[in-house]
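Residues per chain are reported as follows:
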Amino acid sequence: MLAAIILAPLAGALILGLFGKRMGERAIGFIACSTVAVSAVLSFYVFFANREALEAGTKIHEYLFTWISVGQFRADAALLLDSLSGIYILFVTFVGFWIHVFATGYMHGDTGYYRFFAYLNLFMFAMLTLVLGDNFLLMFVGWEGVGLCSYLLIGYYFLRDYANDAAKKAFIVNRIGDFGFALGVMLLFSQAHTIFYFSDPARGTQGAFNWAMTQLADPFTASAIFAGGLTTIGILLFIGATGKSAQIPLFVWLPDAMAGPTPVSALIHAATMVTAGVYMVSRASSIFIHAPMAMMIIAIIGAATALFAATIGLAQWDIKKVLAYSTISQLGYMFLACGVGAFAAGIFHVFTHAFFKALLFLGSGSVIVGLHHEQDMRRMGGLKKFMPVTFATMLVGWLAISGVPLLSGFFSKDEILFRTFTTAGLPDAWPKILWIVGAITALLTAVYMTRLMVLTFWGSERFSESHAAHHDTRHSDESHQSVTPHGVGPNEHEHHAGPPRESPRSMTVPLVVLAIGAVFAGYLGVPEGLSGGKIPNYFERILEPSIAHPQDAHSGSPIRQIIGEPAAHEKAASAANAAPAAEDEGHGTEIMLTVISVIIAFLGIGIGWSWFNRKPLWQPPRLLEDKYYVDEIYNAAIVQPIKVGSTNLLWKIIDVGIIDGAVNGAAYLASRIGNAMRYMQLGLARGYVALVVLGALLIIGYFIMK
Amino acid sequence: MVPLSWYLGLSALLFTIGAVGVFIKRNAITIFLCIELMLNAANLALVALSGFFGDVGGQLFVFIVMTVAAAEAAVGLAIVISVFRNRESLNVDDVDTLKL
Amino acid sequence: MEQTLFIIFAVIAVASALNILIQRNPLYSALSLIVTLASLSALYLTLHAQFIAAIQVVVYAGAIMVLFVFVIMLLNEPKDVPHIEKHKWLRYLAIPFAGLLIAEMFYALPLDKQIAFPSIPAEQADTAVGTTWNIGTALFTDYLLPFEVTSVLILMAVVGAMVLARREGD
C-alpha cells in the first residue's frame, strides 16, 4: 500500500518521460494528475484507516526488499508510516495534486509540456521516498532525488542562461549541505551501528533512535560540537537541512530558484522540498534532544534566517522573489520551533505554510500569466478588477501568512512564538531574545506581504506603461527574467498582448481549493491556550508519539524510555494531567502572547497598507534591495578564491605543470629512447637476424653459466 | 646405441649452418630455406629427447612445428610473391623501407 | 650399427646443409634442403619416431618443399638486377656469432651425462612412443586443444596467403 503511494508518480514519470513526446497535452496532463491523485487517495486512505494506530504511536513498517547488506551495515528498501510521515504524505500529495492541476493550465502551449510533467511526477516520487523511507539511506535517496528534480525544473527553460546558472547554483549549494548530511549519517552509523530509524521486530533490525534514547544527553558546551557525539551528529544533519531548507548560510540558492516555472516554485521551493530539512530534524528529534548545543544553534540560525530574509523580502521588486524570501523566512520559523524543542509546532507550521505559500505562489503565477509574463511589481497594480478570483484567493493567503486570527498561519505562527517564549531548553535571556526576533519577523512578514498585495492588486494600473520606462540597470537580473524575449516560455506568442485577464479554470480551481485549505488547515492544531485547554491541540497530540520531547532527555541520566512505544505517549499524557495548575499558567501566558501577535499582525498590515498605498514605488534601502550583498560576499569570499586557486594553482601549476608535465615527460622520454634505439633497426633482414642470434647467444649463455 | 649428445650436437651444427645462411644470403627464398633448416635442427633435438625420455610430447611438438612451418611457408612465400611483383627482385636488401 | 647409420646420415645432412649456402641458384639450394630433410627422416627412424619420420618425408619434403620449388620456378629472378648489398659488414658478424653459438652448444652437450633417462627395454623401444597409435591417441586426448588451435592457424595462413598473393584488382 505504501509502496503504491510512491510508485504511482514514478510510473507517471516513466510513462511521460518515455512516451510523452507523442502525447497530446490533455493526455499528458491526465496522466500526470491522475498518478498523483492515486497517491493522494491512497495516502488519505492509509492515514485514516490507521489513524487510531498512528495516534497510539504504532510504527507501520512495510518491508520491500533488502537493498544493501554488508557486514554490520544494512539498508532496506522499506517504508515507514507513523504520524509524522503520515501528515507529510497527506499534504505533499494533496498540495502536489492541486499544483499539478494548476500547472496543466500554466504550462499550456509550452513545447516541453511532457518533460515538465515527467520531472514533476519524478519529484513527487522522490519526495514521497524521502518522507516514507524507514532509514537514513533511503531518505538520502529521496533527498538527492528531490535535489535532482529541483535542478531539472529550475533549469527547465534551459535555453536561458540565468535559468541554467540558477539550477547549477541550487545544485552546488545543496551539495554542500548534502555533504554534511552524509557525514552525519556516517557518524551516526559508526556510533549506533544502524541507520534504521526505529527497531522493527519483524525484521530484527535495531533503530538508531531507539539507540539515541538510551544515551546520555551531551553537555551544553561548545566543545560538544566537535566531540563526535550526538551533538556533532546533530550539527552535521542540520548542515544538510540548511542546504535543502535554505537557511543561513546556504539560503542563496532559493531566490535564484525562482527562475523555474511558477508551479515548480510553489511545489518544490515553497510547499514540499524545502521543508525536507524540517522533516529530517523532526524525524531525528531523539538525536537532537540529546544535543542541547545543536538545538540552540538550530534555534539561533532559524531565528536569524527568519529576520534576515524578511528584511530582504521587504525590498524586492520581483513578485516571486518576495515570495521566495518569505519562504526562507518562514522556514526560519520552522527551525526556530525545532530548535526550542517544539518539533510538533514546526511541523504544524510546515503544514499550514504548505497551503498558504503554495496558494500565494500559484496566485503569483496566475498574475504572471495574466500579465503575459511580467514579474516586476512596479509594472503591476490595480489588478483586482481584472483578476477577481486570483485576487480573492491571494487575499486569503496574504491574511493567513500575516497572522490574522482564525486563519491557518495565525495558529501555527502563534504556537511557535509561544513555544519559543516558554522554552526551557535555552539558557539566560535567549528565549526572550528569540521571541523578540520572531515577533519582529512576524511584523515584517505582514508588512512585506501587504506591500506585495498593494503593489499587485491595488493602486494605479502600471502594467500598460512602457517597458522601457523601468529599465533600471540595477535590477538587471530581475528585469531580464521578465523582459528578455524568451524562446521557450509558456504562452510566448501572447507576449505584450492585451489587458490582463483572469486565468482559466484549471488554474483558478486549485487556487480556490488551496485558499480553503489556507483558511481551515489551522484548525487541526488550535493551540490549547486559546480555548482554555478545552479543545486539545489535535495536531500536536497525533504527532506526540513520533517525536521525542526535550524533557525526556533532561538531567543527563540515561533514559530507558524508548520513543515510539505507547508508554511514551501515556507518560506524557499523565504528566499533563498531573500538573493542571502549570498548564493553566501556561495558558495565561499563551493568551497574552497571542494578543501581542494579533496586534503585531494588524500593526504590520496597517503599516504596509498606509505606507505603500501612498508610495507604492517607494525606493527601499539599497542594502536590502541588494540582499545585503550576500551573493557578492560569497562570490568574493568563496567563489573567487576557489576560482583563482583553481586557475592559478590547480590548473596552471598542478594540472599543466605536474600532471601534464608527467604525461608529456613520459611521452618525451619514450620518444627520446625510441630515437636512440631506432638505430638498431636497420630495416634489413640481416640486421634483425643478428639481433635474434645475439639474443639466443645470451640466453643460452645464461643457462650454461647458471 | 648412439648417445644423446651426438644428436644434439648434430642439431646444433645444422642450426648454426642455418643461422649463418640467413646472415650471408640475400635471396629471400634461400633465407626461407635456411629458416626451414633451423626449424628442422630444432625438430631433431625434440625428437631425440622424446625418444630418450620415452615421452610422446616432444614428437607432438614436432608435429605442431611442422604445421607452423607449413603455414609460415604459405604466408612467407605469398609475401615473397607480392614483393617480387612490386620490386622485380628477390633481394632482401632491396626491401628496407621499414627502416625509419 | 646404429652409430654407423648415424654417422652416415649426419654427414649427408651436414654436407647438404652446407650445400644450401654454397649454391647461388635457390633451386639447387632447395633440392639440397630436401636431401637434408630426407637424411633427418632416416635419423628419426633410428630414434624410433616412425610417424614423424613418415610425415617428415610426406609433408615436409613432399608438400612444403614442392611449394618452395614451385615458387622459385614461378618467380624466375632476372639475372641483370643490380647487385645491392647494404651494411656488408654485418656479413662478417656471421663468423664470430656462429663460432660462439657452436662453442656454447658444444660446451653444454656433456651435461647430458647428468640426466637419468628412463630405461626402455630394447624390445619395446620400437613401439614405446613414436607409432601412429601413440601420437594419434595423445593428439586427440591430452593435446586436443593445441591441435584444434593449429587448425585455426592453418586456416588463417590459407586466407592470409590468398590475400597477400592476390593481384590487385582481381
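Definitions and limits used
- Residues numbered from 1 in each chain as written.
- Chains lettered and ligands numbered in written order.
- Predicted model: local features only at pLDDT ≥ 70, side-chain atom pairs only at ≥ 80, totals over all residues.
- Helix = DSSP H or I, 4+ residues; strand = E, 2+ residues; numbered from the N terminus.
- Buried ≥ 20, exposed ≤ 12 C-beta atoms within 10 Å, placed from the backbone.
- Contact = placed C-beta atoms within 7 Å.
- Axes fitted to C-alpha atoms, helices over the stretch in contact; angles between N-to-C directions.
- Left-handed = near helix turned anticlockwise from the far one by under 90°.
- Nonpolar A, V, L, I, M, F, W, Y, C, P; charged D, E, K, R; others polar.
- Pairing = 2+ DSSP bridges.
- Expected span 1.5 Å × (residues − 1).
- Parallel < 35°, antiparallel > 145°, perpendicular 65-115°, else oblique.
- pLDDT = per-residue confidence, 0-100.

S.K.: Now, about the overall build of chain A: what can you tell me, with residues and values included?
M.R.: Counting its regular elements, chain A contains 27 helices and two strands. Here chain A, with 706 residues, has 54% of them falling under the buried criterion. Long-range contacts, defined here as pairs at least 24 residues apart, represent 80% of the contacts in chain A between residues at least 6 apart.

S.K.: Give me the overall build of chain C: which residues, what numbers.
M.R.: Scanning chain C for helices and strands turns up seven helices and zero strands. Counted from the first residue to the last, chain C has its helices and strands arranged as α-α-α-α-α-α-α. By residue count, 24% of the 170 residues in chain C fall in the buried class. Contacts in chain C between residues at least 24 apart in sequence constitute 57% of all its contacts with a sequence separation of at least 6.

S.K.: Hey, could you go over the packing of helix α16 (residues 343–370) of chain A against helix α17 (residues 388–402) of chain A for me, with residue numbers and the actual values?
M.R.: Residues and elements named next belong to chain A. Where α16 meets α17, the axes come as close as 9 Å, and the angle between the chain directions of the two elements is 145°. Our pair here, α16 against α17, has a crossing hand that is left-handed. Contacts between α16 and α17 involve F356, L359, L360, G363, S366 and V367 from the former and T390, T393, M394, G397, A400 and I401 from the latter. For the contact of α16 with α17, a count of residues per class yields seven nonpolar, five polar and no charged.

S.K.: Give me the lowdown on unusual backbone geometry, citing residues and values where you can.
M.R.: All names here are of chain A. A cis amide bond links I248 to the next residue, P249, at an omega of 5°. Within the secondary structure, P249 sits in the loop between α9 (230–244) and α10 (253–256). Positive phi is not limited to glycine here, since L406 has a value of about 75°. As for its placement among the helices and strands, L406 is situated in the loop between α17 and α18 (408–422).

S.K.: Pulling in residues and values, what's your account of the environment of F209(A)?
M.R.: Considering the arrangement of structural elements, one finds F209(A) in helix α8 (residues 208–213). The spacing of F209(A) and Y197(A) is 12 residues in sequence and 5.6 Å in space, taken between C-alpha atoms.

S.K.: Before we move on, could you go through the interface of chain A and chain C and cite the residues and values that matter?
M.R.: When the parts of a complex come together, some accessible area is lost, and that lost area is often used as the size of the interface. Contact residues are listed per partner, giving 10 residues for chain A and 11 residues for chain C. Its residues assigned to classes, the side of chain A that touches chain C comprises seven nonpolar, two polar and one charged.

S.K.: Any chance you could break down the pairing of strand β2 (residues 73–81) of chain A for me, citing the residues and the numbers?
M.R.: Residue and element names in this part refer to chain A. Across the nine residues that make up β2, a large majority, seven, are buried. Pairing between strand β1 (residues 60–70) and β2: nine bridges, direction antiparallel. By the bridge assignment, I68 is partnered in β2 with A75. The antiparallel pairing of β1 with β2 creates a hairpin that spans two residues between the two strands, and G71 there sits at a positive phi of about 55°.

S.K.: Any details on helix α14 (residues 292–313) of chain A? Residues and values, ideally.
M.R.: Taking 1.5 Å of rise per residue, 22 residues should cover 32 Å, and α14(A) covers 31 Å from first to last C-alpha, within 8% of that figure. Taking burial as the measure, the 22 residues of α14(A) include 17 buried ones, the bulk of the element.

S.K.: I'd like a description of the packing of helix α6 (residues 136–154) of chain A against helix α7 (residues 161–192) of chain A, backed by residues and values.
M.R.: Residues and elements named next belong to chain A. It is at 9 Å that the axes of α6 and α7 come closest, and there the two elements cross at 175°. Our classification of the angle between α6 and α7 gives roughly antiparallel. Where α6 abuts α7, its residues F136, F140, W143, E144, G147, S150, Y151 and I154 lie against A163, A166, A167, A170, F171, N174, D178, F181, A182, V185 and L188. A per-class count over the contact of α6 with α7 returns 14 nonpolar, three polar and two charged.

S.K.: Describe helix α5 (residues 113–132) of chain A, listing the residues and the values that go with them.
M.R.: Taking 1.5 Å per residue as the helical rise, α5(A) with its 20 residues ought to reach 28 Å, and the 29 Å between its terminal C-alpha atoms agrees with that figure. With 20 of its 20 residues buried, α5(A) lies for the most part within the structure.

S.K.: I'd love a proper account of the interface of chain C and chain B, names of residues and values included.
M.R.: Counting residues at the interface gives 71 residues for chain C, matched by 65 residues for chain B. Of all the secondary-structure elements, those providing two or more residues to the side of chain C that touches chain B are α1 (2–22), α2 (26–46), α3 (50–75), α4 (89–108), α6 (132–140) and α7 (144–165) of chain C. Here the residues of the side of chain C that touches chain B sort into 56 nonpolar, nine polar and six charged.

S.K.: Run through the confidence of the model for chain A, naming residues and quoting values.
M.R.: In regions of low pLDDT, the predicted coordinates are not meant to be interpreted in detail. Residue and element names in this part refer to chain A. Summarising the model, chain A shows a mean pLDDT of 84, and 89% of its residues fall at 70 or more. Ranking the elements of chain A by mean pLDDT puts helix α20 (residues 476–483) last, at 40, and α5 first, at 94. Here residues 466–495 is modelled with pLDDT under 50, and outside its nearest four sequence neighbours on either side it reaches 42 contacts, counting other chains as well. Contacts of residues 554–581 to residues separated by more than four positions or lying in other chains number 36 contacts, the stretch itself having pLDDT below 50.

S.K.: So what's going on with the environment of A61(C)? Residues and values would help.
M.R.: Residues and elements named next belong to chain C. Inspection of the secondary structure assignment puts A61 in helix α3. Assessed through the 19 C-beta atoms surrounding it within 10 Å, A61 is described here as partly exposed. As a C-alpha pair, A61 and L31 span 30 residues in sequence and 9.4 Å in three-dimensional space. Apart from residues no more than four positions distant in its own chain, A61 is found in contact with I34, L37, A38 and Q56.

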